[in-house]
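Chain and residue survey
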Amino acid sequence: MITSILTYLEDSVAKWADKVAIADDKNEVTFAQWNQYSRNIGTAINNASSKALRKPILVFVDRRIEGLVGFMGVVQSGNFYVPIDCKMPDQRVKLISDVLNPIAAITVTSADEKILDLIEFKGIKFRYEDVINYSADDDLLQDIRAQMIDTDPVYSIFTSGSTGVPKGVVVAQKGMIDLAEWLVNTFEFTENDALGNQTPFYFDGSVKDICICLKSGATLNIIGKKYFTFPKLIIPFLNERKITAILWATSAIVLIGNSDILSVNLPEYLRLVTFAGEAMPAKQLKVWTSKLPNVKFVNLYGPTEITVDCTYYEVEREFNDDEFIPIGKACHNKGILVFNDNNELVKNGEVGELCVRGTGVALGYYNNKEKTQEVFVQNPLHDLYEDKIYRTGDIVKYN
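Residues numbered from 1 in each chain as written. Predicted model: local features only at pLDDT ≥ 70, side-chain atom pairs only at ≥ 80, totals over all residues. Heavy atoms only, no water.

**Examining the overall build of the chain**
Defined as follows: Here a helix means four or more residues in a row that DSSP labels H or I, a strand means two or more in a row labelled E, and each is numbered from the N terminus. C-alpha atoms define the radius of gyration in this analysis, and the globule rule sets the expected value at 2.2 Å times the number of residues to the power 0.38. Using a 1.4 Å probe, the Shrake-Rupley method yields the accessible areas, and only the shown protein chains count as cover for residues. This count recognises Lys and Arg as positive and Asp and Glu as negative, with His and chain-terminal groups excluded. To locate a charge, the coordinates of NZ of Lys, CZ of Arg, CG of Asp or CD of Glu are taken.
Along the backbone of the chain there are 14 helices and 20 strands. At 21 Å, the chain has a C-alpha radius of gyration in line with the 21 Å of a compact globule built from 399 residues. By element, 48% of the accessible surface of the chain is carried by carbon and sulfur atoms, the whole surface being about 17600 Å². Measuring between centres, the 41 positive side-chain charges of the chain sit 2 Å from its 52 negative side-chain charges.

So this is what it looks like as structure tokens:
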């Protein structure tokens, strides 16, 4: 029984220790290095924090491997990671920090450290280059793992609150484990795959790339910003890295389609394209499907509060320009309920609010009981036992 995503990393080390796990424009780490660095970081955090457990730790991220190594280091320490965009305004970082009261932060650059100084950060500051060379304590790490269970938090990603105060969605280990199992099994990922990561690591869409990499042994290639600033560079990059799958935001798919570069050059190794985050215009999807008829295209849907995705639709036909791409059916181990205003299940063709149940439903909003109780509620179909659902606020209908 898997209770921690670290089990996936350890299994990958056992099978593919020297295989490249993550690569960006300049650096790469193998699975063995990723695991060792994370163990070093975990030991450093736990020793410096008086053996704190299940506490939030900030990790500054950019389009580079250090953030992902830092994530696993935090998990090794028995705590949960909170990605912080290194270009985020310091006032936004302060708002997040005020909500969390984090015990520590991992920085990569002096600019990251400056932000912590500006917000008068009170937690422990770890410099990435220092803690990856810390000496791992195997007994300590084993003791930490013995105390952790799959309902413990693994990460928190912040969304913008309607009042301007950000809300930290807290996701449990079991949610991330379920996501990894569903993605790898449904789309048949193996160690022979190469992912092209587009989604920033402070957005929940990137969790899919991390899950697939950890569980299947696929290499995660981080695509630099310049490739989307100058789209003509993107296809040569995908071919150079032999990218087989991209799990991108809809906006990125549309950007490449509008640039017309698919008329000049095609990704030779691609087998799977997924898109998520907003509705995909049928006209833009057609640009891709017409050029890549042998590639599988999948529409993914889900808010941060249900661990990234809760429904999926494998594109089976060509859509007219005025048609909507369906969001499909429920992902494995997630239940979809659509309620009308009277909390009754809708009939076909009747609109209602999409609600989600299952292990992927988040633990709630950190330090915000009022907002949590508004949308993480008892299943209105019964009150016989606790059956938590998340009310997405999104209006849908069955067709």
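Text resumes after the structure shown.
**Brief notes about the nonpolar core**
The tendency in soluble globular proteins is for nonpolar side chains to be buried side by side. Note the threshold: Side-chain atoms within 4.5 Å are what join buried Ala, Val, Leu, Ile, Met, Phe, Trp, Tyr and Cys residues into a set we call a nonpolar core. When accessible area is computed with a 1.4 Å probe and restricted to protein chains, residues below 20% of their type maximum are described as buried, those above 50% as exposed, and intermediate ones as partly exposed. Contacts were defined at the residue level, with two residues in contact if any of their heavy atoms lie within 4.5 Å.
Trp34 and Tyr81 are the most contacted members of the largest nonpolar core, which has 80 residues in total. Element by element, the count of residues in this core is highest for helix H8 (residues 173–187), at eight residues. With residues up to four places along the chain from it excluded, the contact list for Tyr81 reads Ile57, Val59, Phe71, Met72, Val74, Val75, Val154, Tyr155, Ser156 and Met176. Listed in part, the 30 residues of the second largest apolar core include Ile223, Ile261, Val273 and Met280.

**Concerning unusual backbone geometry**
At Asp260, a residue that is not glycine, the phi angle is positive and equals roughly 65°. Tracing the chain through its elements places Asp260 in the loop between helix H12 (250–259) and strand S12 (272–276). For Asp260, a relative accessible area of 48% translates into the label partly exposed. The phi angle at Asn333 is positive, at roughly 70°, despite the residue not being glycine. Structurally, Asn333 can be placed in the loop between strand S15 (329–330) and strand S16 (334–339).

**A few points about the packing of aromatic side chains**
To be explicit about the condition: Aromatic pairing here means that ring centres of Phe, Tyr or Trp (its six-membered ring) are within 6.5 Å. Orientation follows from the plane angle: under 30 degrees is stacked, over 60 is edge-to-face, and everything else is tilted.
This structure, assessed with the given rule, holds 15 aromatic pairs. Arranged with centres 4.9 Å apart and planes meeting at 55°, the rings of Tyr202 and Phe203 form a pair that is tilted. Judged by its relative accessible area of 44%, Phe203 falls in the partly exposed class. What links up through ring pairs into an aromatic cluster is the set Trp16, Phe31 and Trp34.

**What to know about the packing of helix H2 (residues 31–48) against helix H7 (residues 138–147)**
Put simply, the rule is: Convention adopted: a line fitted to C-alpha atoms gives each axis, helices being fitted over their contacting stretch, and angles between N-to-C directions are expressed from 0 to 180 degrees. An angle below 35 degrees is read as roughly parallel, one above 145 as roughly antiparallel, one from 65 to 115 as roughly perpendicular, and any other as oblique. Charged residues are taken to be Asp, Glu, Lys and Arg, nonpolar residues to be Ala, Val, Leu, Ile, Met, Phe, Trp, Tyr, Cys and Pro, and polar residues to be all remaining types, Gly included.
As a packed pair, H2 and H7 sit with axes 10 Å apart at the nearest point and diverge in direction by 80°. On the basis of the axis angle, H2 is roughly perpendicular to H7. Residue-level inspection shows Arg39, Gly42, Thr43, Asn46 and Asn47 of H2 in contact with H7, the latter providing Asp138, Leu140, Leu141 and Ile144. Classifying every residue of the contact of H2 with H7 gives three nonpolar, four polar and two charged.

**Examining the pairing of strand S20 (residues 388–396)**
Put simply, side chains in a regular strand alternate between the two faces of the sheet. Note the following rule: In this scheme, strands are said to pair when DSSP sees at least two bridges between them.
Here strand S17 (residues 352–358) pairs with S20 via five bridges, running antiparallel. When the sheet's bridge partners are listed, Val356 is paired in S20 with Tyr390. As defined by bridge partners, strand S19 (residues 376–378) adjoins S20 across three bridges and the pair is classed as antiparallel. When the sheet's bridge partners are listed, Gln378 is paired in S20 with Lys388.

**Quick notes on helix H13 (residues 282–291)**
Using the following cut-off: What the arc covers is the set of directions going from the helix axis to the C-beta atoms.
Within the span of H13, buried status applies to Ala282, Gln284, Leu285 and Trp288. Considered in projection along H13, the buried side chains sweep an arc of 160° and stay on one side of the axis. Taken together, the buried residues of H13 touch strand S11 (245–249), H12, S12 and strand S13 (296–301).

**Regarding the side chain of Asn379**
As a reminder, the rule being used: In the analysis that follows, any N or O atom pair within 3.5 Å is treated as a polar contact, provided that within protein one partner can donate a hydrogen and the other can accept it, and provided that, for residues neighboring in sequence, both atoms belong to side chains.
Tracing the backbone through its elements, the reader meets Asn379 in the loop between S19 and S20. On the basis of relative accessibility, which here comes to 4%, the residue Asn379 falls in the buried class. A polar contact is formed between the side chain of Asn379 and the backbone nitrogen of Leu381, at a distance of 3.0 Å. With near-sequence residues (within four places) excluded, Asn379 lies in contact with Leu337, Phe339, Arg357, Asp387 and Ile389.

**Here we look at the pairing of strand S4 (residues 80–85)**
The test is simple: Throughout, right-handed denotes a crossover for which the path from the first strand over the helix to the second runs clockwise when the strands point away from the viewer.
Most of S4 sits inside the fold, with six of its six residues counted as buried. Of the two faces of S4, both are covered, the one formed by Phe80, Val82 and Ile84 as well as the one formed by Tyr81, Pro83 and Asp85. One ladder, built from six bridges, connects strand S3 (residues 56–61) with S4; its direction is parallel. Considered in S4, the bridge of Phe60 is made with Ile84. Since S3 and S4 lie parallel, the crossover through helix H3 (residues 66–76) that links them has a hand, and here it is right-handed.

**Focus: the packing of helix H1 (residues 6–16) against helix H9 (residues 206–216)**
For the pair H1 and H9, interaxial distance at closest approach is 7 Å and the crossing angle is 45°. In terms of orientation, H1 lies oblique with respect to H9. For the pair H1 and H9, contact is made by Tyr8, Leu9, Ser12 and Trp16 and by Cys213, Leu214, Lys215 and Ser216, respectively. When its residues are assigned to classes, the contact of H1 with H9 shows five nonpolar, two polar and one charged.

**Quick notes on the side chain of Glu353**
Secondary-structure assignment places Glu353 in strand S17. With a relative accessible area of 18%, Glu353 lands in the buried category. Separated by 2.9 Å, the side chain of Glu353 and the backbone nitrogen of Gly393 make a polar contact. Beyond its immediate sequence surroundings of up to four residues, Glu353 is in contact with Leu337, Val338, Phe339, Arg391, Thr392, Gly393, Asp394 and Ile395.

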